[in-house]
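This is what each chain is made of:
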Amino acid sequence: MMKEINQSQHLANQRLAARMVVFPAIIYESIAMQEVMAMVNKVAPSDSPVVILGETGTGKEIIARTIHLSSPRKQIPLLPVNCASLSESLLESELFGHEKGSFTGAHQQHIGLFEIAHQGTLFLDEIGEMSPAIQSHLLRVLETGEFRRIGGKKTLYTNVRIITATNNDLYQKITEKTFRQDLYYRLNTLVIHLPPLRKRKEDICLLAEYFLSIISKGMGKKKHLAPECRLLLEQYPWPGNVRELRSTIERLSLLVESEEIRVSDLSAVGLFREDRQPDSPLLPLSEMEKQHILRCLVRTKNNRREAAKILEISEPTLYRKIKEYRIQ
């Protein structure tokens, strides 16, 4: 059996190479991400399934790769598959493989990811979009390690760690009878909640500077963010999370000619326009006060005396609020 698995891995070398992607480092200083990384360190040595929950664009695959690279299985590349991007038949073939002639168009044997990832890790993104039929097959693999290729009669065995991710409410899907309850409890052993970018504001400028340094270096340029630009980046709600931030920084790197990126450049790429305001989430009164203070500091180029006059408060009160809201 091991000989057959080794042959399968050898045949799949080119597919593995095509899947290899270099991901950026995880940049953070926020308490929310410190808690996430503490959880990552706890779950990494285990073989138990992990579910990563978070909005689109928060970096769920990067967390999955970090878990894998910190695990005893790191010698074999993590294999990702997006369950929402493939039809049911294609996803089944991709995961379990198929035999030659098992269906129209199956002109040769296809080795599935469960065979290729033996002794490694398989990352199933958007697990909530998996059909009930494939959920049933996945549950069997999780419980016994056994599966068959489509059209095959021989039972195969795999030792794979499963990491899944979703931005859906799986419990709601159970209620709607589109997700198996037994699979949910089998997968739900270890859960990591990845916060949206708006909940980790301390990391926004760190990430922006990191992306800017990597992207501008690749373009043979050197760029930096103006101080007032940094303040506004922290205000923006980033509905697309880290993915939107990286895309924004990439656009700025391409479109801005000067070395310094200014507030006017942010408006030019679509941030802080009036037509974007209705999409912003409703904020607590304290957050609104903080943002108004930030706007005044930006308007006065960080002249706190002038900002205090605009706000109609004393300078000591402004200093106290700056400290209270951790405005840097």
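(A) Quick peek at helix H7 (residues 132-144). Its 13 residues give H7 an end-to-end C-alpha distance of 18 Å, which sits within 8% of 18 Å, the value for a rise of 1.5 Å per residue. In this fold, the buried residues of H7 make contact with helix H5 (88-96), helix H6 (113-116), strand S3 (121-125), strand S4 (146-147), strand S6 (161-166) and helix H9 (181-187). Two residues or fewer after H7 comes Gly-145, characterised by a positive phi angle close to 80°.

(B) Expanded view of unusual backbone geometry. Of note, the phi angle at Gln-119 is positive, near 75°, even though the residue is not glycine. By the element assignment, Gln-119 lies in the loop between H6 and S3. Take Gln-119: its relative accessible area is 35%, and that puts it in the partly exposed class. Positioned with a positive phi, Glu-312 is a non-glycine residue whose angle comes to about 60°. Counting through the fold element by element, Glu-312 comes out in the loop between helix H15 (304-311) and helix H16 (315-324).

(C) Region of the structure containing the packing of helix H11 (residues 227-235) against helix H14 (residues 285-299). Across the interface, H11 lies against H14 with an axial gap of 10 Å and an inter-helix angle of 160°. Considered as vectors, H11 and H14 are oriented roughly antiparallel to each other. For the crossing formed where H11 meets H14, the hand is left-handed. Residue-level contacts link Glu-228, Leu-231, Leu-232 and Gln-235 of H11 to Gln-291, Leu-294, Arg-295 and Val-298 of H14. Residue classes in the contact of H11 with H14 are distributed as 4 nonpolar, 2 polar and 2 charged.

What counts, and at which threshold
- Residues numbered from 1 in each chain as written.
- Predicted model: local features only at pLDDT ≥ 70, side-chain atom pairs only at ≥ 80, totals over all residues.
- Heavy atoms only, no water.
- Helix = DSSP H or I, 4+ residues; strand = E, 2+ residues; numbered from the N terminus.
- Expected span 1.5 Å × (residues − 1).
- Contact = heavy atoms within 4.5 Å.
- Buried < 20%, exposed > 50% of the residue type's maximum accessible area, 1.4 Å probe, protein only.
- Axes fitted to C-alpha atoms, helices over the stretch in contact; angles between N-to-C directions.
- Parallel < 35°, antiparallel > 145°, perpendicular 65-115°, else oblique.
- Left-handed = near helix turned anticlockwise from the far one by under 90°.
- Nonpolar A, V, L, I, M, F, W, Y, C, P; charged D, E, K, R; others polar.

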